[in-house]
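Residue-level structure breakdown
If you want the building blocks of each chain, they are given just below.
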Amino acid sequence: MTGLSAATSTTTSGARKLKLGIAGLGRGFTVMLPTLALHKRLEVVAAVDTRPAAGVRFEADFGGTAYDSVEAMCAEADIDAVYVATPHQFHAEHTEIAARAGKHILVEKPMALTIEDCTRMIDAAAAAGVHLLVGHSHSYDAPILEARRLIETGDYGPPRLIAAMNYTDFIYRPRRPEELDTAQGGGVVFSQAAHQIDIARLLGGGMVETVYATTGNYDPDRPTEGVYSALLKFADGTVANLTYSGYGHFDSDEFTGWRGESGAMKDPANYGAARRALSEIGDMDAEAALKADRAYGGPAGASAPTTSPEDRLHEHFGLFVVSCARGDIRPGPDGVRVYADEGIESFPLAPPAVPRSEVIDELCAAVCDDVAPLHSGAWGRATLEVCRAVLQSANDGREVRLTQQVPVKDIG
Ligand SMILES: NC(=O)c1ccc[n+]([C@@H]2O[C@H](COP(=O)([O-])OP(=O)(O)OC[C@H]3O[C@@H](n4cnc5c(N)ncnc54)[C@H](O)[C@@H]3O)[C@@H](O)[C@H]2O)c1
């Protein structure tokens, strides 16, 4: 693999810093903003977005250079890696451009929309000798990694059953038109199952054999999947039962004492706020305007923080319980609890100094220290295969057998 250049700067402890360019300054980038602004091993020096206002805000926040195409950024900027956070349908193209320019790549979930595109991306990275990581996904969350470590100790016996449940308002957040069209990557399976399945695969060892699923599309004004329920059978007999609803009624953050997905407290009095806000604005054009207003560089958009957000615990993606032969393992925003034969054991985790630092830690370990990543291209392709199998099973009414699965790299 291609290491970092000699000109690379270092942290105060002497660790090499990674120079990052960003493709796509939208919502995905915005939720990574605290990480990108505060992580000590990172210098964010370049970015590209088709919205000029985003580039202007980027230059003000990071002091870097905004480009007008991914090609130009990769050709001209002094960067080691590119974070591809453009919409799903551009992931393959932008990854290939970065790989051809010799840049390492962190590509947002879902890795792409088809297995063929994932394979092209993996091949492009291999041909260029660069690392390809897929993320952020919530399987990077420290409590999930801690739960996996506890499974790997073998102290509670092998995992047998994984139950997961997440109820959100995903469907009623402001959307681009293609986010409401499954054929173009819309709906909760591509965007949200990509998290839940990634976690279930990590906890269950990775090797899903078959998928049986149903999906639901309950709102004709938002004509894509808003719910799914999926049964994943792993090669070793482990079963994962995953349920997701994005229709903004019950909110499963109630199970975490109203800690939201970001690890911050949320106010249960805001019940139905996303659906209400949307019903007040009429059509797709108004929805696009609302999204642009709140986007990075827009009048109501976020800017890069200078300090870590206060009162944040770890991020999460709803309820997960892993039943092993001798105990149930439950990750949560403050750590992991194990309901074992002799009593309840706690494995608390200190609040994160930098949110989502695990993603950049894994990227830096790969690029700067040549440590093979857990969330590799092959791993991301396997998760996408399960997402696609959920849609196929729901459509065909039968179990789908998988062929692209890879095991979890040992994280003990
Ligand atoms: N991991 C997470 O928590 C998380 C959260 C949100 C989004 N995402 C992922 O981020 C990706 C983007 O989704 P989003 O919600 O940010 O969408 P978005 O519409 O909010 O942002 C996309 C951005 O990309 C820009 N863009 C579009 N085409 C471009 C091009 N050809 N070149 C450069 N810039 C271009 C747009 O102007 C926009 O600013 C998706 O793959 C999504 O799954 C991940």
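To start, this report covers the structure provided alongside it. (Residues numbered from 1 in each chain as written. Predicted model: local features only at pLDDT ≥ 70, side-chain atom pairs only at ≥ 80, totals over all residues. Heavy atoms only, no water.)

1. What about the overall build of the chain?
What counts here: Only DSSP runs of H or I covering at least 4 residues are called helices, and only runs of E covering at least 2 are called strands; the numbering of each starts at the N terminus. Using C-alpha atoms as the atom set, the radius of gyration is obtained and then compared with a globule rule of 2.2 Å times the number of residues to the power 0.38. Throughout this description, buried means an accessible area under 20% of the type-specific maximum (1.4 Å probe, protein chains only), exposed means over 50%, and partly exposed covers the range between. In what follows, residue pairs with any heavy atoms lying within 4.5 Å of each other are defined as contacts. Accessible areas in this description were obtained via Shrake-Rupley with a 1.4 Å probe; residue shielding takes into account the shown protein chains only. When charges are counted, Lys and Arg contribute as positive and Asp and Glu as negative, whereas His and the chain ends are disregarded. For the purpose of locating charges, the reference atoms are NZ of Lys, CZ of Arg, CG of Asp and CD of Glu.
Each helix and strand in the chain was counted, giving eleven helices and 15 strands. Here the chain has a C-alpha radius of gyration of 20 Å; the compact-globule value for 412 residues is 22 Å, and the two agree. Judged by the C-alpha coordinates and their principal axes, the chain covers about 55 × 50 × 40 Å. The buried share of the chain, taken over its 412 residues, is 55%. Once local pairs closer than 6 in sequence are excluded, the contacts in the chain between residues at least 24 apart make up 71%. About 16,700 Å² of surface is accessible on the chain, with carbon and sulfur atoms providing 52% of the total. Looking at the chain, you have 37 positive and 56 negative side-chain charges, and the mean spots of the two groups are 1 Å apart.

2. Remarks on the sheet that holds strand β2 (residues 42-48)
To keep it simple, the criterion reads: Pairing between strands requires that DSSP locate at least two bridges from one strand to the other. Each axis is a line fitted through C-alpha atoms, taken for helices only over the stretch in contact, and angles between the N-to-C directions span 0 to 180 degrees.
Strand order in the open sheet formed by six strands is β3-β2-β1-β4-β5-β6, with parallel pairing between adjacent strands. The open sheet has two edge strands, β3 (65-67) and β6 (132-134), and neither has a second partner. On average, each strand axis in the sheet is inclined to that of its neighbour by 25°, with strand direction left out of account. One ladder, built from six bridges, connects strand β1 (residues 18-23) with β2; its direction is parallel. When the bridges of β2 are listed, G21 appears paired with A46. Running at roughly 165° to strand β5 (residues 104-107), helix α4 (residues 91-100) makes contact with β4 (81-84), β5 and β6 of the sheet.

3. Observations concerning the nonpolar core
To keep things clear, this is the line we draw: Here the nonpolar core consists of buried residues drawn from Ala, Val, Leu, Ile, Met, Phe, Trp, Tyr and Cys, with membership extended through side-chain atoms lying within 4.5 Å. Domain delimitation in this document rests on an assignment produced automatically or drawn from a domain database.
Among the nonpolar cores identified, the biggest contains 83 residues, and L203, V211, Y228, L232 and I329 are the most heavily contacted of them. Here this core takes ten residues from helix α7 (residues 188-204), the largest share from any one element. Per-domain counts for this core show at least three residues from each of domain 1 (18-137) and domain 2 (139-305 + 310-355 + 385-401). If we ignore the near neighbours within four places in the chain, the residues touching L203 are I144, A147, R148, I151, P159, I162, F320 and V322.

4. Some thoughts on the packing of aromatic side chains
As a reminder of what qualifies: Here is the rule: rings of Phe, Tyr and Trp (six-membered ring for Trp) pair when centre to centre is within 6.5 Å. Planes less than 30 degrees apart are stacked, more than 60 are edge-to-face, and the remainder are tilted. Throughout this description, the term charge over a ring refers to an Arg CZ or Lys NZ atom that lies within 6 Å of the ring centre and within 35 degrees of the ring normal.
Under the defined criterion, the tally for this structure stands at eight aromatic pairs. With a centroid separation of 5.3 Å and 70° between ring planes, the pair formed by Y167 and F250 is classed as edge-to-face. In this pair, Y167 sits in strand β7 (residues 159-167) while F250 sits in the loop between β10 (239-245) and α8 (273-279), placing the two residues 83 residues apart along the sequence. Exposure remark for Y167: the relative accessible area of 24% places this residue in the partly exposed category. Here the aromatic cluster, defined as three or more aromatic residues joined through ring pairs, consists of Y167, F250 and F255. The positively charged end of R201 is found above the aromatic ring belonging to W379, 3.7 Å away from the centroid.

5. Brief notes about the side chain of D198
To keep things clear, this is the line we draw: The term salt bridge refers to a side-chain nitrogen of Lys or Arg lying within 4 Å of a carboxyl oxygen of Asp or Glu. Identification of polar contacts relies on pairs of N or O atoms within 3.5 Å, with a donor-acceptor requirement for protein atoms, meaning one able to donate a hydrogen and the other able to accept it, and with residues adjacent in sequence counted only if both atoms are side-chain atoms.
Note on placement: D198 falls in helix α7. Buried charge D198 goes without a salt bridge, the closest partner of opposite sign being R201 at 4.3 Å. There is a polar contact of 2.7 Å between the side chain of D198 and the side chain of S139. Once residues within four sequence positions are removed from consideration, D198 is found in contact with S137, S139, A193, H375, W379 and T383.

6. Concerning the environment of H88
Mapped onto the elements, H88 comes out in the loop between β4 and α4. Residue classification places H88 among the buried residues on the basis of a relative accessible area of 14%. Not counting residues within four places of it along the chain, the set of residues in contact with H88 comprises K109, P110, L113, G185, F190 and S191. Of the polar contacts made by the side chain of H88, one reaches the backbone oxygen of G185; its length is 3.4 Å. A distance of 3.1 Å separates the side chain of H88 from the side chain of S191, its partner in a polar contact.

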